[in-house]
Amino acid sequence: MAQTGEVKKDLGSLISRGDKGTLTIGAQCIDHVMYLTKSPAKRFYSDFPFNYEMGEIVGRYYNLDSPAGGFDIYDLEVEALGGKLIYGENSMPTIDFRDPLIKNPEDLKKLKMKKVDFHTDGRYPSLMKGGGLAQAGMSMVSFCSPFSLAVGLMGFPALIKAMRKKPDFAHEVFKFIVDDVLTPSVKAQNEATGALMGIGADAWACVPNISPDEMKEWVVPYNQRLEKNIKKFGVMVMNVSGDYCEERIEKFDPKILHGSFDVEIASMGGTPAIFLGMGRWHEYPLEAVRDYTEKFRKEGIPVTVTAGINARLLRDGPIDKIVDTVKRYIDAFARDHNLSIFLMNVPYDTPSDHIHAAVAATHTYGKLPIADNLNDIKVEIPKRESFEEWLKTEEGKKKPPKEEERCGLASLLWSQMGAINNRSKFKEQYANAKMSFLYNLTDQKYGALITVENGKLDVKHIRNDKETLKDLKVDGLLACSASLFFDFTGGKLSKGAMLLKMLTGKLKVKGTKKMKELANIMALL
């Protein structure tokens with residue numbers, strides 16, 4: 001676990017800037033990035049490569065472990081379907097709920113007949129060029145999860161009324177969203193970028209908006225339906241649903257919290273990953289979280305915890321409370337969970353000193369291996385220049401090194417395996433090695449070519465076409481569809497099922513001994 005000094009590349013640190021030997025900290029600070037960089041809202045939310053560039057700059061200023069920025073992820077599908085958005089001069093676009101696209105069953109019928117091309121409609125062409133995660137070298141699909149998209153299409157009160165009074169109509173809305181909107185939207189992004197993973201945003205599906213039982217009835221089944229649909233063309237999706245956001249501390253209820261965690265995990269493909277998101281986690285008792293994860297820890301199953309710093313705390317402070325909250329998270333989870341810290345929806349006018357403090361606290365208390373007594377550690381809050389002053393410094397003027405493009409599976413594997421080049425044991429053991437491996441995803445544009453030479457590992461994408469592959473010589477090969485690859489590497493195939501796949505030609509493995517050597521290398525991570 002984390003106290004051994006290992007840096008975990010878990011769900012909370014997929015787009016980490018590398019192995020710093022500390023826990024990672026990221027941020028959702030869309031409006032704050034626009035505010036700091038004085039970016040025109042229209043361009044910031046329409047030109048996604050520009051959006052990412054600004055987020056990259058702000059991320060470097062704060063020494064975050066991933067780029068900052070982002071965009072209005074809840075609006076894109078609605079806009080492509082013809083919904084009205086309100087564009088402000090200095091604010092994020094928002095759906096015009098005065099005139100929702102679906103007010104009655106007749107509206108739903110009309111939408112079903114509408115021809116939408118997610119390659120060309122709305123702001124999707126700019127998104128395909130690379131926004132946020134794709135630009136960060138992580139090549140991930142972004143989308144609005146089914147429940148929040150239903151809110152976007154109907155409005156929250158109307159949706160809840162339909163769920164309770166006209167459930168058949170509500171189910172038809174959700175089926176339309178999953179089958180006719182999100183499935184083709186994700187497929188289009190996969191075709192354009194080669195992305196094999198997707199993250200769905202679902203701020204509306206949370207406590208106390210709806211109860212865990214309501215989410216288990218209305219949210220989880222459609223998240224899983226979407227997951228099943230999209231897995232057919234090789235993309236693994238996770239929906240960030242079930243956040244616990246109870247505002248009244250006296251109403252904090254561990255049973256309801258645990259129900260919300262059940263929803264989170266069920267919406268993440270069963271992965272034990274929980275998010276302490278937009279709620280008042282600087283005031284909630286963390287023992288209730290440990291009580292929930294105990295069942296996994298007893299079985300030796302690693303649990304990922306993404307611990308959020310509340311937006312109001314970030315803006316209003318004080319700094320001592322921000323630093324103490326980071327320490328509290330690390331003391332509670334870092335020694336036996338895969339922990340990362342996340343700044344939640346940073347308000348535009350948050351003082352930069354507050355963010356610098358959160359980063360310094362994470363990288364100080366979160367130095368691996370985690371200290372036995374964090375009270376013995378002093379955090380030095382850096383006295384930093386303003387963003388405008390920093391831009392004039394050598395560091396601020398410096399263009400970040402352009403990372404090598406890695407598409408599809410190569411991007412995913414590099415995010416997991418790249419840090420091995422910092423492992424002394426790997427360098428020593430494979431100092432004179434020379435070997436290569438190909439993961440050929442037969443239903444995707446790109447496969448992944450892994451090379452190990454003179455103590456260095458690299459991963460590159462390679463086109464999956466006969467012309468490219470015909471003369472390629474590798475020591476080990478695994479060829480199958482993307483969905484079968486995820487089942488195989490995720491341990492979801494029994495030996496019997498794997499043998500059957502090999503006998504039927506659906507799974508091809510060559511150079512078995514060398515492939516075992518690759519497994520040995522990955523065990524060093």
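Residue indices follow the written sequence of each chain, beginning from 1 at its first position. Owing to the predicted nature of the model, reporting of local features is limited to residues with pLDDT of at least 70; listing and counting of side-chain atom pairs is limited to 80 or more, with chain, interface and lining totals taken over all residues. By convention in this description, side-chain values take in all heavy atoms of the structure and omit both hydrogens and water.

A. Local environment of the overall build of the protein. Check the secondary structure of the protein and you find 25 helices and 16 strands. C-alpha atoms of the protein, sized along the principal axes, occupy 65 × 60 × 50 Å. Note on contacts: a residue pair qualifies if any of its non-hydrogen atoms lie within 4.5 Å across the two residues. Look at the contacts in the protein between residues 6 or more apart in sequence, and 75% of them connect residues 24 or more apart. Looking at the protein as shown, the accessible area adds up to about 23800 Å², and 52% of this sits on carbon and sulfur atoms. Counted as positive: Lys and Arg. Counted as negative: Asp and Glu. His and the chain ends are not counted at all. Charge positions come from single atoms, namely NZ of Lys, CZ of Arg, CG of Asp or CD of Glu. The averaged location of the 69 negative side-chain charges in the protein is 5 Å from the averaged location of its 73 positive side-chain charges. A run of H or I in DSSP counts as a helix once it spans at least four residues, and a run of E counts as a strand once it spans at least two, with each numbered from the N terminus. Surface exposure here means Shrake-Rupley accessible area, sampled with a 1.4 Å probe, where a residue is shielded only by the protein chains that are shown.

B. Spotlight on helix α5 (residues 105–113). Every buried residue of α5 is accounted for by D107, L108 and L111. For α5, the angular spread of buried residues about the axis comes to 100°, placing them on one side. Residues of α5 that are exposed and point over 90 degrees away from its buried face: K109, K110 and M113. Packed against the buried residues of α5 are α10 (167–193). Two N or O atoms count as a polar contact when they lie within 3.5 Å, although within protein this holds only if one can serve as hydrogen donor and the other as acceptor, and sequence-adjacent residues are included solely when both atoms are side-chain atoms. Its side-chain oxygen at 3.0 Å from the backbone nitrogen of E106, N104 defines the N-terminal cap of α5. For every residue, the accessible area (1.4 Å probe, protein chains only) is compared with the maximum for its type, and the residue is labelled buried under 20%, exposed over 50%, or partly exposed between those bounds. As used here, the arc is the angular range of directions from the helix axis to the C-beta atoms.

C. Spatial organisation of unusual backbone geometry. Residue P208 is reached from V207 by a cis peptide bond, and omega for that bond is 15°. Take P208: it is sitting in the loop between β6 (206–207) and α11 (212–218). In the segment running from L368 into P369, the intervening peptide bond is cis, with an omega of -5°. Summarising the element assignment, P369 is placed in the loop between α17 (352–365) and α18 (387–391). With a phi angle near 60°, N63 is a residue other than glycine that sits in the positive phi range. Position of N63 among the secondary structure elements: in the loop between α3 (48–62) and α4 (76–80). Of note in this structure, N454 is not a glycine but carries a positive phi near 50°. Inspection of the secondary structure puts N454 in the loop between β13 (446–453) and β14 (456–463).

D. Fine view of the environment of Y365. Structurally, the position occupied by Y365 is in helix α17. You can call Y365 buried: its relative accessible area is 6%. Along the chain, Y365 and V452 lie 87 residues apart, while their C-alpha atoms are 34 Å from each other. What Y365 contacts, discounting residues up to four positions off in sequence, is V323, K327, I330, I370, L374, I377 and V379.

E. Fine view of the sheet that holds strand β10 (residues 304–309). At least two bridges found by DSSP between two strands are what make those strands a pair. Taken in spatial order, the 4 strands make up an open sheet running β1-β11-β10-β9, and their pairing is parallel. The outermost strands of the open sheet, each flanked by one partner alone, are β1 (25–27) and β9 (273–276). In this sheet, adjacent strand axes meet at a mean angle of 25° when their direction is disregarded. Relative to strand β11 (residues 338–343), β1 runs parallel, the two being bridged by 3 bridges. Fitted lines through C-alpha atoms give the axes, limited to the stretch in contact for helices. The angle between two N-to-C directions lies from 0 to 180 degrees.

F. The arrangement of the sheet that holds strand β7 (residues 236–240) in detail. If you trace the 3 strands from one edge of the open sheet to the other, you get β4-β5-β7, paired in parallel fashion. The open sheet has two edge strands with one neighbour each: β4 (140–144) and β7. In this sheet, neighbouring strand axes are inclined to one another by 20° on average, regardless of whether the strands run parallel or antiparallel. With 5 bridges joining them, strand β5 (residues 197–201) and β7 adopt parallel strand pairing.

G. Geometry of the confidence of the model for the protein. Here the protein averages 90 in pLDDT, while 94% of its residues score no lower than 70. pLDDT expresses how confident the predictor is about each individual residue, on a scale running from 0 to 100. For residues 1–18, every residue scores under 50 in pLDDT, and the model assigns this stretch 62 contacts once sequence neighbours within four places are set aside. For residues 131–137, every residue scores under 50 in pLDDT, and the model assigns this stretch 17 contacts once sequence neighbours within four places are set aside.

H. Layout of the nonpolar core. For the purposes of this section, nonpolar cores are sets of buried Ala, Val, Leu, Ile, Met, Phe, Trp, Tyr and Cys residues that join through side-chain atoms within 4.5 Å. Counting 122 residues, the largest nonpolar core has F147, W281 and L343 as the members making the most contacts within it. Ranked by residues supplied to this core, first place goes to α10 with 11 residues. Setting aside its immediate chain neighbours within four residues, L343 contacts I25, G26, A27, Q28, L64, I309, L314, I355 and A358.

I. Examining the pairing of β14 more closely. In this structure, β13 lies alongside β14, joined through 8 bridges in antiparallel fashion. Its bridge partner lying in β14, V452 is registered against L457.

J. The arrangement of the packing of aromatic side chains in detail. Working definition: rings of Phe, Tyr and Trp (its six-membered ring) pair if their centres are within 6.5 Å, and the pair is stacked with planes under 30 degrees apart, edge-to-face with planes over 60 apart, and tilted otherwise. Under the definition given, this model contains 21 aromatic pairs. With a centroid separation of 5.1 Å and 75° between ring planes, the pair formed by Y35 and Y348 is classed as edge-to-face. Taken together, the residues span a long stretch of sequence, with Y35 in helix α1 (residues 30–36) and Y348 in the loop between β11 and α17 at a distance of 313 residues. Overall, Y348 belongs to the partly exposed group, its relative accessible area being 45%.

K. View of helix α12 (residues 220–231). Spanning 12 residues, α12 covers 16 Å between terminal C-alpha atoms, matching the ideal 16 Å at 1.5 Å per step. The complete set of buried residues in α12 reads V220, Y222, N223, L226, E227, N229 and I230. Against the buried residues of α12 lie β4, α8 (146–154), α10, α11, β7 and α13 (254–266). To estimate how far a helix should extend, the number of its residues minus one is multiplied by 1.5 Å.

L. Structural detail: the pattern of salt bridges. Here, a salt bridge means any side-chain nitrogen of Lys or Arg that lies within 4 Å of a carboxyl oxygen of Asp or Glu. With the rule as written, the count across this model stands at 29 salt bridges. Among the salt bridges present, the one from K187 reaches E191, with a minimum N-O distance of 2.7 Å. You can see K187 and its partner E191 sitting in helix α10, 4 residues apart, about one turn around the helix. Taking relative accessible area as the criterion, E191 reaches 34% and is therefore assigned partly exposed. We note a salt bridge from E467 to K470, for which the minimum N-O separation is 3.2 Å. With a relative accessible area of 57%, E467 lands in the exposed category. Judged by relative accessible area, K470 falls into the exposed class, the value being 53%. Through salt bridges with shared partners, one network takes in R60, E395 and K398.

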